[in-house]
Each structure stands twice: as C-alpha cells, then as structure tokens.
Amino acid sequence: MDASVSRRTFLKTATATTAAAYAARAIPAWATVDRGTIAINTPLETFAYSDVELLDGPMKKQFEENHARFLHLEDDRLLKVFRQSAGLPAPGEDMGGWYDGTGFSLIHNDFHAFIPGHSFGQYLSGLARAYAVTGSEETRAKINRLVKGYAQTLDPEAKFFIDYRLPAYTYDKLSCGLIDAHEFAHDPMAMDVHEKLTRAVLAYLPEKALSRQEQRARPHKDTSYTWDETYTLPENLFLAYQRSSDTFYRNMAIRYLEDDTYFDALAAGNNVLPFEHAYSHVNAFSSAMQAYITLGSEKHLRAAKNGFEMLLTTQSFATGGWGPE
C-alpha cells in the first residue's frame, strides 16, 4: 500500500469501489435469497453472494479450493462425534484436532479433542454460502444430508453438551450453519432442528453473557471451562428471529447481549478492548449491530461504531489472535 494512503482512506475507498461493483452485477435467480425465508423485515439487508464476482486470481482460487475440500469431506467423518455421543453407529475416520471426541488433557497441554464437533456448523455454513454462489446441486444435496444426519443425533436434552467445555461456542456455530442452510440452500428441516437445539442447549448456558473474568469467578472444574463465549450468541439469535419471527429468539438474544461489562462501556466511549480475546470480542460487534438492526438500539450502534474506531486508532489485533499476547 502507498505510504501516503492511510488505512482509513484505503478502507473507505475500497468500500465505495466495492459498492459500485455490486450495483453492476446481474443476479442469477437461483442465487438470490428467497424472501419467503425472511419473516421479519429489517431496515438494512446484506447483499446477495451473487452480487460479488471473483475474477481469476488467488481469492477465486481459494474459494474454489475450499468449496471442493468441504464438498468432499466425508459425511461420516463430519457426523462421527455426534453419532458417537448419541450411541449410534459411527463409521468413518476421525476428523482430527479439536474436532474429535476424546484425548484432551490440560495437564499435558494436549488440545486434541478440546471441543468435539466444534466446527461442524462452520462447514455447513460454508457449504450453504458456496451453494449461494455456485448453485451446485451436489452441494445442496450434501447440505440436506448433513442437516438430516445431525438431526438424527439430537435428543431433546442435547446430551452431547453434558460436561462440554464451551457449549456456547459450539452452539453458536451450529446455529449459524443451520440458519445458512435454511436461508441459502432452503433446507426444509434446518430451522426446526435449530429450534430443537436452541431450546435444549439452554440447560447448559449461564443466565446471561459472562465475561472471561466472571467465568473465572464462578466454580469450575479447570480453567478450560472458563473460556466460553456467550457474548457472541446474539448475532445469530437475532438472525433466527428474523427468519422465524419467533420472539423466543429475540428475547434470548437480548438476554445474551454483554451490556454490563462490554457494550455499555463501549457506547460511552471507554476502550475496554485491551486484554480481551480478539477473535470473539471483535465478533461481538456483529451482535451489537444486529441489536441495532433488529431492535433499533442506538446504544448498540454507538458501541459498535466506537469499538471499530478504537480498533482503527488505538487497539491492534491480529485476526483471530489472543489479545493479551
């Protein structure tokens, strides 16, 4: 980047250029969001994925490689830990890493099987968004199989989450995946599965969004149980409300807005970002924006605007980084 161009100027210019490019795109009929999937109209809406055209280059190559990789991950591998927990036949290879069912040891600093199945919802979301871009029927069929396969493992008590270290973290990703399967791939089961999951997982969540400090102050088995991210939940809960019009989701979203230790301070212009977890606390700005979009909350709009301003001017995070380090 030219040294004479500030980061702020670059971002503003890039945003304006991108918006102009959006306006010039034709939208294939299969790639648009079916407005029948949206139950609540909001003052702001996102552009359709088909509004963006990736030209030949590294970004398009990366998208195509990721789509192919997700598409060819075996269903049995993705569903294995959920089937194991449900006592169902669980063929296929392990996924490896954090995803597997057993092996975590904090004492030995071994994070294998740290949060089983944690990224299933992200794979589902990625596939749904890839379908929105490509219209690939093979992709849509895989989404349908995965939603159905996951539904078969989900009992009314969501026993998968018993003694689970980060229930909010993994639920949030499952929530996003099911919402995207509904919105972009029009999966007929996704929102019913979403409601069943959400009502069941409440038994494993605290009464409100908890900061890391608040989690450490409560009884816990070991420190790994204090790393959950309840403060990221409202974004997808507000989206679920917009898709279903069920006030259960809206009320739950309000309940998990981290106002007392985060958004109130940001709205007042106080920088509380240092020493927080970069990935999840920056993501939480999306929850603040959904509170504004859904509820018209000016406080949460101020919190997000001030937070992003602080990121640009005083607080630097590496993407996905851990703030204190």
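Residues numbered from 1 in each chain as written. Predicted model: local features only at pLDDT ≥ 70, side-chain atom pairs only at ≥ 80, totals over all residues. Heavy atoms only, no water.

Novice: Tell me about the overall build of the chain, residues and numbers included.
Specialist: When you go through the chain residue by residue, the secondary structure sums to 13 helices and zero strands. Tracing the chain from N to C terminus, the helices and strands come up as α-α-α-α-α-α-α-α-α-α-α-α-α. Residues counted as buried form 45% of the 325 residues belonging to the chain. Nonlocal contacts in the chain, meaning residues at least 24 apart in sequence, comprise 68% of its contacts between residues at least 6 apart. Of the roughly 16400 Å² of accessible surface on the chain, 53% is carried by carbon and sulfur atoms. (Helix = DSSP H or I, 4+ residues; strand = E, 2+ residues; numbered from the N terminus. Buried < 20%, exposed > 50% of the residue type's maximum accessible area, 1.4 Å probe, protein only. Contact = heavy atoms within 4.5 Å. Areas by Shrake-Rupley, 256 points an atom, 1.4 Å probe, with all protein chains shown as cover.)

Novice: How would you explain the packing of helix α2 (residues 58-72) against helix α4 (residues 120-134) if you had to name every residue and give the values?
Specialist: It is at 10 Å that the axes of α2 and α4 come closest, and there the two elements cross at 125°. Between α2 and α4, the crossing angle belongs to the class labelled oblique. Between α2 and α4 the crossing geometry is left-handed. Residues F63, H67, F70 and L71 of α2 pack against Q122, Y123, G126, L127, A130, V133 and T134 of α4. Grouping the amino acids of the contact of α2 with α4 by side-chain chemistry returns seven nonpolar, four polar and no charged. (Axes fitted to C-alpha atoms, helices over the stretch in contact; angles between N-to-C directions. Parallel < 35°, antiparallel > 145°, perpendicular 65-115°, else oblique. Left-handed = near helix turned anticlockwise from the far one by under 90°. Nonpolar A, V, L, I, M, F, W, Y, C, P; charged D, E, K, R; others polar.)

Novice: Provide a residue-level description of unusual backbone geometry, including the pertinent values.
Specialist: You will see that A158, though not glycine, has its phi angle at about 45°, which is positive. Following the sequence through the fold, A158 ends up in the loop between α5 (137-151) and α6 (167-185).

Novice: I'd like a rundown of helix α3 (residues 75-86), residues and numbers included.
Specialist: The first and last C-alpha atoms of α3 sit 16 Å apart over twelve residues, in line with the 16 Å expected at 1.5 Å per residue. Every buried residue belonging to α3 is among D75, L78, L79, K80, V81, F82 and R83, and all of these are buried. At its buried positions, α3 is contacted by α4 and α5. (Expected span 1.5 Å × (residues − 1).)

Novice: How would you explain the side chain of K142 if you had to name every residue and give the values?
Specialist: Its location among the elements puts K142 in helix α5. Looking at K142, its side chain comes within polar contact range of the main-chain oxygen of L73, at 2.5 Å. Excluding residues that lie within four positions of it along the chain, K142 makes contacts with F70, L71, L73, E74, D75, L78 and L127. (Polar contact = N/O pair within 3.5 Å; in protein donor to acceptor, adjacent residues only side chain to side chain.)

Novice: How would you sum up the side chain of K173? Please name residues and give values.
Specialist: By the secondary structure assignment, K173 is in helix α6. Setting aside anything within four residues of it in sequence, one finds K173 in contact with H118, G121, Q122 and Y279.

Novice: Pulling in residues and values, what's your account of the pattern of salt bridges?
Specialist: Once the charged atoms of two side chains with opposite charge are near each other, the side chains can pair. Enumeration over the complete set of coordinates arrives at 18 salt bridges. Note that K142 and D75 form a salt bridge whose closest N and O atoms lie 2.5 Å from each other. Of the two residues, K142 is situated in helix α5 and D75 in helix α3; the sequence distance between them amounts to 67 residues. Residue K142 shares its accessibility class with D75, and that shared class is buried. (Salt bridge = Lys/Arg side-chain N within 4 Å of Asp/Glu carboxyl O.)

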